[in-house]
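Single-letter residue listing:
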Amino acid sequence: MATATVGDIITRADVILQDNNVRWPVSELLYWLNDAYRAIVMQRPDANMKSGTFTCAAGTRQVLTKSGGGGFPEALRLRSVVRNVAAASTKRAVRLIQQAVLDDQRPGWHAETGGIDIQHYIYDPLNPTEFMVYPPALTTAQLEVVYSSVPTQHVIAEGSIKASTEVIKLPDIYVNPILDYVLYRAYAKDSEYAANAQRAQGHFQAYSAALGAGVQADAATAPQDDSRSSGNHGAN
């Protein structure tokens, strides 16, 4: 959840830059704040995860970012397909499967009769906004999906930026990486000066280190299924 505001970030940047917005106007700082969102989500797709109801197209291939309703044009990549949610469906869970398994066991699966209850989905990380479903979907099939997206940009009049109470569009744990990214871009603007080039590099390293540390912390604290190691294979 975010509580920090755009004004907070810009004010902190101003304190460090000590420029009184001469060399670095607040409008530029806002551009770089918006750029920070895109940079962070590219490295940490989990920074802006969403879930929603996706309406299938007829057939096996589905485009997460389709426009015209039932899709998510702002999506960056699919995270998972959770379950069927169409009113007439069984609401059953949908499981990830390797395409080779279907290709081997049901070579003609793309041409099978369409259905509303999807059993499996196939995902290729090299094509992150598309996936395939089995059985082929009817247009009445609907799925609960989890996906990553880039936040929409802040659009604020220049005279109102420093006082803006609009909250940032990533959780508060990203305040420091956002600030470091803004400062990196600011100092990089004057990188012909050796001192500013060093400052830009320092802030970029701090930004990168914070995101890397977040990955390690997430891995260390994520919920774990310890039933195998404990020998407890059932609920009491």
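Everything in this summary refers to the structure shown in the same document. In this text, all values refer to a predicted model and were calculated from it rather than measured experimentally.

It is worth spelling out helix H1 (residues 6–17) at this point. With twelve residues, H1 should reach 16 Å at 1.5 Å per residue; the first-to-last C-alpha distance of 16 Å fits that figure. Taken residue by residue, H1 has Val6, Gly7, Ile9, Ile10, Ala13, Asp14 and Leu17 as its buried positions. The arc enclosing the buried residues of H1, seen along the axis, measures out at 165°, which places them on a common side. Among the structural elements, helix H2 (26–43) and helix H4 (175–189) are those in contact with the buried residues of H1. Immediately downstream of H1, the backbone of Gln18 shows phi near 50°, a positive value.

The next subject is the sheet that holds strand S7 (residues 142–149). If you walk across this open sheet you meet the three strands as S1-S7-S3, and the pairing is antiparallel. Looking at the sheet topology across the chains shown, the edges are occupied by strand S1 (49–55) and strand S3 (75–84). Each strand of the sheet is rotated relative to its neighbour by a mean of 30°, with strand direction disregarded. Relative to S7, S3 is paired through seven bridges, and the arrangement is antiparallel. If you follow Ser80 over to S7, its bridge partner there is Val146.

Moving on, we come to the nonpolar core. The biggest cluster of nonpolar side chains holds 36 residues, and the ones touching the most others in it are Leu29, Leu33, Ile40, Ile168 and Ile178. Elements represented by at least two residues in this core include exactly H1, H2, H4 and helix H5 (194–221). For this core, the element with the highest residue contribution is H2, accounting for ten residues. Residues contacting Leu29, with those up to four places away along its chain left out, are Ile10, Ala13, Asp14, Leu17, Asn21, Trp24 and Val182. Formed by 19 residues, the second largest nonpolar core is a distinct cluster that contains Phe54, Cys56, Ile116 and Leu143.

A few words now on the side chain of Asn34. Inspection of the secondary structure assignment puts Asn34 in helix H2. You can call Asn34 buried: its relative accessible area is 2%. A distance of 3.4 Å separates a polar atom in the side chain of Asn34 from a polar atom in the side chain of Gln153. Residue contacts for Asn34: discarding those within four places in its chain leaves Gln153 and His154.

A separate point is the environment of Asp35. Looking at where Asp35 falls in the secondary structure, it is placed in helix H2. Taking the C-alpha atoms as reference points, Asp35 and Val182, separated by 147 residues in sequence, lie 8.3 Å from one another. Apart from residues no more than four positions distant in its own chain, Asp35 is found in contact with Tyr181 and Arg185.

Attention now goes to H4. The end-to-end C-alpha separation of H4 is 22 Å, in line with the 21 Å expected for 15 residues at 1.5 Å each. Those residues of H4 that fall on the buried side of the exposure criterion are Val175, Pro177, Ile178, Leu179, Asp180, Tyr181, Val182, Leu183, Ala186 and Tyr187.

Analysis parameters
- Residues numbered from 1 in each chain as written.
- Predicted model: local features only at pLDDT ≥ 70, side-chain atom pairs only at ≥ 80, totals over all residues.
- Heavy atoms only, no water.
- Helix = DSSP H or I, 4+ residues; strand = E, 2+ residues; numbered from the N terminus.
- Expected span 1.5 Å × (residues − 1).
- Buried < 20%, exposed > 50% of the residue type's maximum accessible area, 1.4 Å probe, protein only.
- Arc of directions from axis to C-beta.
- Contact = heavy atoms within 4.5 Å.
- Pairing = 2+ DSSP bridges.
- Axes fitted to C-alpha atoms, helices over the stretch in contact; angles between N-to-C directions.
- Core = buried A, V, L, I, M, F, W, Y, C linked by side-chain atoms within 4.5 Å.
- Polar contact = N/O pair within 3.5 Å; in protein donor to acceptor, adjacent residues only side chain to side chain.

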